[in-house]
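Now for the letters of each chain:
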Amino acid sequence: MSTLKDQLRTDLTSAMKARDKERAGTLRMVLASITEAEVAGKEAKELTDDEIITILTREAKKRREAATAFADGGRAEQAEKETAEAAVITEYLPAQLSAGEISDLVSKAIAQTGAADEGMRAMGKVMGILTPQTKGRADGGAVAAEVRKQLA
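Residues numbered from 1 in each chain as written. Predicted model: local features only at pLDDT ≥ 70, side-chain atom pairs only at ≥ 80, totals over all residues. Heavy atoms only, no water.

S.K.: Explain unusual backbone geometry to me, and be specific about the residues and the numbers.
M.R.: Positioned with a positive phi, Arg19 is a non-glycine residue whose angle comes to about 60 degrees. Mapped onto the secondary structure, Arg19 falls in the loop between α1 (3-17) and α2 (21-39). (Helix = DSSP H or I, 4+ residues; strand = E, 2+ residues; numbered from the N terminus.)

So, in structure tokens, the structure goes:
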């Protein structure tokens, strides 16, 4: 079993013992998503930590988008709940890259591919190099925005 999944289960038990309903509920949802991914497909498999990080990233993004939608719809209480869930999930993700670090990675990737002359047509090449480097450590939208900015 992956160490990240073990950590999530241990923390769920601790949250239940501490009667922290919000944290326990969030961890249950995350573990359910992981279990669902494990049994999806033709045969069940054990997920690696990298695959679990992908799921955690997706779940955190869902919560952030939902919080924005609720806030825009005037439902502040629900938005706060989604934001709190996103914060719990984010604790299990690797440290996020700063805007400066993303900018540096994009500059290096553009230099590596020689994409500076090609403009926006080379975005796919650059993103192909950056995606594995930033997986779980930066929002793909933020990385893509920086690539667009530097290629334009």
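That covers the picture; the talk isn't over yet.
S.K.: Describe the pattern of salt bridges, with residues and values.
M.R.: Within this structure, the stated rule accounts for 10 salt bridges. Here Glu91 and Arg23 are joined by a salt bridge, their closest N and O atoms 2.8 Å apart. Separated by 68 residues along the polypeptide, Glu91 in the loop between α4 (76-90) and α5 (99-113) and Arg23 in helix α2 bring together distant segments of the chain. Overall, Glu91 belongs to the exposed group, its relative accessible area being 51%. Of the residues examined, Arg23 reaches a relative accessible area of 19% and is grouped as buried. In this structure, the salt-bridge partner of Glu85 is Arg63, at a minimum N-O distance of 2.8 Å. (Salt bridge = Lys/Arg side-chain N within 4 Å of Asp/Glu carboxyl O. Buried < 20%, exposed > 50% of the residue type's maximum accessible area, 1.4 Å probe, protein only.)

S.K.: Account for the packing of α5 against helix α6 (residues 123-134), with residues named and values stated.
M.R.: Their axes nearest at 9 Å, the elements α5 and α6 cross at an angle of 135 degrees. Relative to α6, the element α5 is oriented oblique. Like other packed secondary-structure pairs, α5 and α6 cross with a definite hand, here right-handed. Across the interface between the two elements, Leu105, Val106, Ala109, Ile110, Gln112 and Thr113 of α5 pack against Lys125, Val126, Ile129, Leu130, Gln133 and Thr134 of α6. When the residues that make up the contact of α5 with α6 are grouped by side-chain class, the tally is 7 nonpolar, 4 polar and 1 charged. (Axes fitted to C-alpha atoms, helices over the stretch in contact; angles between N-to-C directions. Parallel < 35°, antiparallel > 145°, perpendicular 65-115°, else oblique. Left-handed = near helix turned anticlockwise from the far one by under 90°. Contact = heavy atoms within 4.5 Å. Nonpolar A, V, L, I, M, F, W, Y, C, P; charged D, E, K, R; others polar.)

S.K.: Break down the nonpolar core for me, citing the residues and quoting the values.
M.R.: Counting residues in hydrophobic clusters, the biggest one holds 19 residues, and the most contacted among them are Leu8, Ile34, Ile52, Leu56 and Tyr92. Those elements that provide at least two residues to this core are α1, α2, α3 (49-72) and α4. If we ignore the near neighbours within four places in the chain, the residues touching Ile52 are Ser2, Leu4, Lys5, Leu8, Ile34 and Leu47. Counting residues in each nonpolar core, the second largest holds 16 residues, with Ile102, Met123, Val126 and Leu130 among its members. (Core = buried A, V, L, I, M, F, W, Y, C linked by side-chain atoms within 4.5 Å.)

S.K.: Residue-level account of α5, with values.
M.R.: With 15 residues, α5 should reach 21 Å at 1.5 Å per residue; the first-to-last C-alpha distance of 21 Å fits that figure. The set of residues buried in α5 consists of Ile102, Val106, Ala109 and Ile110. Along the axis of α5, the buried positions cluster into a sector of 100 degrees, meaning they face one direction only. Structural note: α5 exposes Lys108, Ala111 and Gln112 on the side pointing more than 90 degrees away from its buried face. Of the surrounding secondary structure, the elements contacted by the buried residues of α5 are α6 and α7 (140-151). Of the residues trailing α5, Gly114 is marked for its positive phi of about 70 degrees. (Expected span 1.5 Å × (residues − 1). Arc of directions from axis to C-beta.)

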